[in-house]
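Observations on chain architecture
In case you want the letters, here they are:
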Amino acid sequence: MSETIYRRMKDLPSTHLLGAGTATCAGCGGLQALHQIYDVFGDKTVFINAAGCMTLLSVYPFTPFSGSWLYTAMGSAPAGAQGVRDALDILQAKKRMPASEDLTAVVLSGDGSAYGMGVSSTSGAIDRNLDFLYICYDNEGYGNTGQQFSCATPHGAKTATSTGASGYPGFKKDLFSLWVANKPAYVATVIGSEPLDLARKVEKAKKIKGPRLLIALAPCPTGWGFDPEQSSEIGKLAVKTGIWPLKEYSDGQVVHSKIPKNRLPVEDYLQRQGRFAHLFKPQRNEALLQGIQRRIDDYWRDIDGT
Amino acid sequence: MNRQLMTGNAAAAWGARLADIDYVPAFPITPQTEIIETLSSWFDSGAMQGRMTVLESEHSMITAAGAAAATGVRVFTATSSQGLLHAMEMIYTVAGWRAPFVLVNVSRGLSAPITLEPDHNDVLAARDSGFLQLHCSTCQEVLDSVLMAYRLAEHAEVRLPVIVNQDGFYLSFTREPVQIPDQDQAKAFVGPYDGANIRFRASMPESQAVAVLGGSPYSYFRYECHLAMQQALSVYAEVAEEFEQRFGRYHGIIESFQAEDADYLYVMMGCFATKAKQAVLSLREAGVKIGLLRPRLLRPFPAQQLIDACAGKKALAVIDQNLSMGKGGVLHAELTSVLYGQSDAPPVVASFIGGLGGRDISQEEFFRIAEVLQIAGKSGQTPQPRLLYTQEEWTEFKKLQSIAVYERHEQKEQP
Ligand SMILES: Cc1ncc(C[n+]2csc(CCOP(=O)(O)OP(=O)(O)O)c2C)c(N)n1
Ligand code: SF4
């Protein structure tokens, strides 16, 4: 990333392309990431949205976007991006629109859509090598409907539909690998609490054509059970404990952009959130905690040699 | 003028080609495939300029169609049956976007049991979506209707998508002589695509299909759709007239065949109406004053036109190629609802269900229906709704059942 213009925090744009006063919850990590992505990517975009929390950003007659917006449905936002992209290409080819009027098609969805209902549509878009950017804010559940588990929910988390003593029995799906396996143009994980890392990745994604994905872990005070003012802190802990690896894929290679030195125990992250409270109280669920830690250790062993 | 033998599917493809479309999002399903294969070959050969994108499902296909139309290009697509149902969420959605494009549906019965053969339950499932519906009975009408549909869809006072429906197999794969309008004349008739206020441009940011909170903006937008749909009736009348002036063929809101002086009417949609016409001719020879009404538009529903056309008749037979489970024939329900309370409405509106899953309706059955109508017309008593099904069919089906049961016992399975 030597060619980046984002070397220090003061290099970050302060354009605020996304207006203030939106209807998301206080401390929404998804919104935090979106603000930053939008400022770097710019507003020559048309956001194609799938049902989720961010659908309520644009509520008639207001919109916080200075660019364009199209709400589709939960299952097919990438197909909406296909239609927009194809139409813009046709208009330029038939000289009914100058190239200066062109836009980037940007899909915006939560994890429920990106990891689940929208996978068929996403898969098709990748197969067709669609030139679009997919932004998934990953709050690890169906946030808009009250934080039921999705296939992005981490093992052991309590959600509205995994209320048992051990929380969600499944394991978070690896969306990054799912995309990478199909050799798209670019895939990266980001988080709003690491703005420099995020800006550099968006900067890169902007220069590339083809299917591109940014997965932003989105600390969600409402769904995860923590005080809104701790949102960035929780985000930082996700990176420092290694539970949210910051990495990117391009040119056939996966590179970690930030390898946490002296990784903190995952407990430091888990015990700050209501959704994991049952792992500590009334008594520690040692087996589950160790299982979670072991999987994180296994992940990093190959990468940092620990 | 160029006249060729062609299938309904080829006619649909010709309609799209002559309408100078830009974009075809596609997904295959029998019996629609020939339409997209034909268009695909024309894009490949350079006979058509634009783009075809094969999506991974109809849900995505309709999403892409709506998104492209909202961006500012002329879109054509086609589907059938399960495909239309798979897309149903987006059928409602893109109509709400007011995205003007044309979808040809090649009617085919719905699962379960799965079948390839036609009836109208698929297209009727989209009845309340906000798509206009044009129902065809000949291959010529398919081609002409596609051209007319673009005029309707893109009209400033309508701006809604349109379904042009043709019966699977009976039309989709039957060759008939079709006049192919001259390309320039067709282009002049359809006109250039006018995206007006719906398009995405860097210099002109737009927000489309944003959320609303509360019932009052929601009611407003939904009702606007309804009014636009109703407006489409008078727009259709103009378009049909202009089409006749330019091409010499008239496709009215309702096709009326020997109906004016008739005492009795068959009322039905789609290509089986051509069989009903044959029956009308024979019955007229025998002195029965019967005729046919075939609504070409189901949405918007041509209520007044039907009320007028049915006024003073002794008895109607509505023949539905569909079945609304737990209710009966859809057209029958639609028609009786508008006739109710009209002073000179026919006293008898009988319901017949026929032609499900490709089952033929024979001339004898049309004659039998006419007999029932004459009896009912005299007594003033509306007969019970009836499924067209013969003793012979019943026997044949019982035979199939006995084979199925026998096989199951042979394999020692639980029945
Ligand atoms: C077809 C369909 N099923 C269900 C819903 C209800 N629904 C709206 S938002 C939502 C959750 C979406 O979850 P996610 O994609 O993770 O986004 P988030 O709500 O977390 O922002 C659901 C289930 C819907 N809109 N459409
Ligand atoms: S529920 Fe979570 S993701 Fe959704 S708006 Fe609230 S904080 Fe953001």
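Residues numbered from 1 in each chain as written. Chains lettered and ligands numbered in written order. Predicted model: local features only at pLDDT ≥ 70, side-chain atom pairs only at ≥ 80, totals over all residues. Heavy atoms only, no water.

An unreviewed UniProt entry lists chain B under the name Pyruvate synthase, with Methylomarinum roseum given as the organism.

As annotated in an unreviewed UniProt entry, chain A carries the name Thiamine pyrophosphate-dependent enzyme and is attributed to Methylomarinum roseum.

**Regarding the interface of chain B and chain A**
Just so we agree on the cut-off: In what follows, a contact means two residues having at least one pair of non-hydrogen atoms within 4.5 Å. Each of two parts loses accessible area, computed with a 1.4 Å probe, when they are put together; buried area is these two losses added. Just to be clear on terms, a salt bridge is a Lys or Arg side-chain nitrogen sitting within 4 Å of an Asp or Glu carboxyl oxygen. Contacts described as polar in this section are N or O atom pairs within 3.5 Å, which, within protein, must combine one atom able to donate a hydrogen with one able to accept it, while residues neighboring in sequence count only if both atoms come from side chains. Numbered from the N terminus, helices here are DSSP runs of H or I no shorter than four residues, and strands are runs of E no shorter than two. Under the grouping applied here, Gly and all other residues not named as nonpolar or charged are polar, the nonpolar ones being Ala, Val, Leu, Ile, Met, Phe, Trp, Tyr, Cys and Pro and the charged ones Asp, Glu, Lys and Arg. Two strands make a pair as long as DSSP finds a minimum of two bridges between them.
Contacts between the two partners involve 38 residues from chain B and, on the opposite side, 41 residues from chain A. Regarding the contact of chain B and chain A, the summed buried area is about 3000 Å², with carbon and sulfur atoms giving 63% of it. For A:Arg96, the salt bridge is made with B:Asp22, and the minimal N-O distance between the two is 3.0 Å. Run the count over chain B and chain A and you get 19 residue pairs in polar contact (both at pLDDT 80 or more). Secondary structure elements with two or more residues in the side of chain B that touches chain A: strand 3 (51-54), helix 3 (58-71), helix 5 (88-96) and strand 9 (207-208) of chain B. At 7 residues, helix 3 of chain B tops the list of elements feeding residues into the side of chain B that touches chain A. Considering only residue class, the side of chain B that touches chain A consists of 20 nonpolar, 12 polar and 6 charged. Across 2 bridges, the pairing between strand 2 (residues 68-71) of chain A and strand 9 of chain B is parallel. Within strand 9 of chain B, the position partnered with A:Leu70 by the bridge is B:Gln208.

**Here we look at the site of ligand 1**
This is how it is decided: The criterion for a residue being near a molecule or strand is simple. One of its heavy atoms has to lie within 4 Å of it. Each accessible area is a Shrake-Rupley result for a 1.4 Å probe, and residues are judged covered by the shown protein chains and nothing else.
Neighbouring ligand 1 are 17 residues; A:Cys53, A:Gly112, A:Tyr137, A:Gly143 and A:Asn144 lie closest to it. The site occupied by ligand 1 is bordered by residues of chains A and B. In this structure, an oxygen atom belonging to ligand 1 sits 3.3 Å away from a main-chain N or O atom of A:Asp111. When ligand 1 is considered free in solution it has 580 Å² of accessible area, and contact with the protein chains removes 76% of it.

**A short note on the nonpolar core**
Buried together is how nonpolar side chains tend to be arranged in soluble globular proteins. To keep it simple, the criterion reads: As used here, the term nonpolar core means buried Ala, Val, Leu, Ile, Met, Phe, Trp, Tyr and Cys residues forming a set that is joined through side-chain atoms within 4.5 Å. Type-normalised accessible area, obtained with a 1.4 Å probe on protein chains alone, sets the label of each residue: buried when under 20%, exposed when over 50%, and partly exposed for intermediate values. Per the annotation, domain bounds derive from an automatic or database assignment of domains.
Judged by nonpolar contacts, the single largest core of 193 residues is most densely connected at B:Phe76, B:Phe101 and B:Tyr266. In terms of residue count, the dominant contributor to this core is helix 9 (residues 215-247) of chain B (11 residues). Taken domain by domain, the makeup of this core includes at least three residues from each of domain 1 (2-247) and domain 2 (255-392) of chain B. Apart from the residues within four sequence positions on either side, B:Phe101 is in contact with B:Ile62, B:Ala65, B:Gly66, B:Ala69, B:Val75, B:Thr77, B:Val94, B:Phe131, B:Ala153, B:Pro161 and B:Val162. A:Leu31, A:Phe47, A:Phe65 and A:Trp69 belong to the second-largest nonpolar core, a separate cluster that totals 32 residues.

**Digging into the sheet that holds strand 14 (residues 315-320) of chain B**
Residues and elements named next belong to chain B. Operational definition: In this description, a line fitted to the C-alpha atoms serves as the axis of each element, helices being fitted only across the stretch in contact, and the angle between N-to-C directions of two axes falls anywhere from 0 to 180 degrees.
Pairing in this open sheet of 6 strands is mixed, and the strands run 10-12-11-14-15-16 from one edge to the other. In this open sheet, the two edge strands, each paired with only one partner strand, are strand 10 (254-257) and strand 16 (386-387). Relative to the sheet, helix 13 (residues 363-379) contacts strand 11 (264-267), strand 12 (290-295), strand 14, strand 15 (348-353) and strand 16, its axis offset from that of strand 11 by approximately 135°.

**Here we look at helix 11 (residues 303-310) of chain B**
Since the α-helix packs 3.6 residues into each turn, any two residues three or four apart lie on the same face. Residue and element names in this part refer to chain B. Going by this rule: The directions from the helix axis to the C-beta atoms form the arc being described.
For helix 11, the full list of buried residues reads Leu306, Ile307 and Cys310. Within helix 11, the buried residues cover an arc of 100° as seen down the axis, which keeps them to one side. Those residues of helix 11 hidden inside the fold are in contact with strand 10, strand 11, strand 12, strand 14 and helix 12 (330-339). Directly after helix 11, the chain includes Gly312, whose backbone phi takes a positive value near 80°.

**Quick word on the domain arrangement of chain B**
Residue and element names in this part refer to chain B. In terms of domain boundaries, chain B breaks down into domain 1 (2-247) and domain 2 (255-392). Look at where the C-alpha atoms of domain 1 and domain 2 centre, and you get two points 28 Å apart. Facing the 27 residues of domain 1 at the interface are 27 residues of domain 2. The tally of links between domain 1 and domain 2 comes to 4 salt bridges. In this structure, Arg296 and Glu141 form a salt bridge, with 2.5 Å as the shortest nitrogen-oxygen distance. At the surface where domain 1 touches domain 2, the tally comes to 17 residue pairs in polar contact (both at pLDDT 80 or more). At the level of secondary structure, the elements contributing two or more residues to the side of domain 1 that touches domain 2 comprise helix 6 (121-125), strand 6 (132-135), helix 7 (139-154) and helix 9.

**Focus on the environment of B:Leu103**
Residue and element names in this part refer to chain B. Looking at where Leu103 falls in the secondary structure, it is placed in strand 5 (residues 102-107). Residue classification places Leu103 among the buried positions, given a relative accessible area of 0%. Linking Leu103 and Ala16, residues 87 residues apart in sequence, is a C-alpha distance of 10.0 Å. Beyond its immediate sequence surroundings of up to four residues, Leu103 is in contact with Ile62, Thr77, Ala78, Thr79, Leu84, Ile91, Phe131, Val162, Ile163 and Val164.

**Concerning the packing of helix 1 (residues 29-41) of chain A against helix 6 (residues 195-207) of chain A**
Residue and element names in this part refer to chain A. The line we're drawing: Put simply, angles under 35 degrees are roughly parallel, angles over 145 are roughly antiparallel, angles from 65 to 115 are roughly perpendicular, and the rest are oblique. Crossing chirality is assigned from the near helix's rotation relative to the far helix, an anticlockwise turn below a right angle marking it left-handed and a clockwise turn marking it right-handed.
With their axes 9 Å apart at the nearest point, helix 1 and helix 6 run at an angle of 45° to one another. Here helix 1 lies oblique to helix 6, going by the angle between them. Helix-helix and strand crossings are classified by hand; for helix 1 and helix 6 the assignment is right-handed. On helix 6, the residues that touch Ala33, Gln36, Ile37, Val40 and Phe41 of helix 1 are Pro195, Leu198, Ala199, Val202, Glu203, Ala205 and Lys206. Grouping the constituent residues of the contact of helix 1 with helix 6 by class yields 9 nonpolar, 1 polar and 2 charged.

**What to know about unusual backbone geometry**
Residues and elements named next belong to chain B. Residue Pro31 is bonded to the preceding Thr30 through a cis peptide linkage, with omega at 0°. Unusually for a residue other than glycine, Arg159 sits at a positive phi of about 45°. Relative to the assigned elements, Arg159 resides in the loop between helix 7 and strand 7 (162-167).

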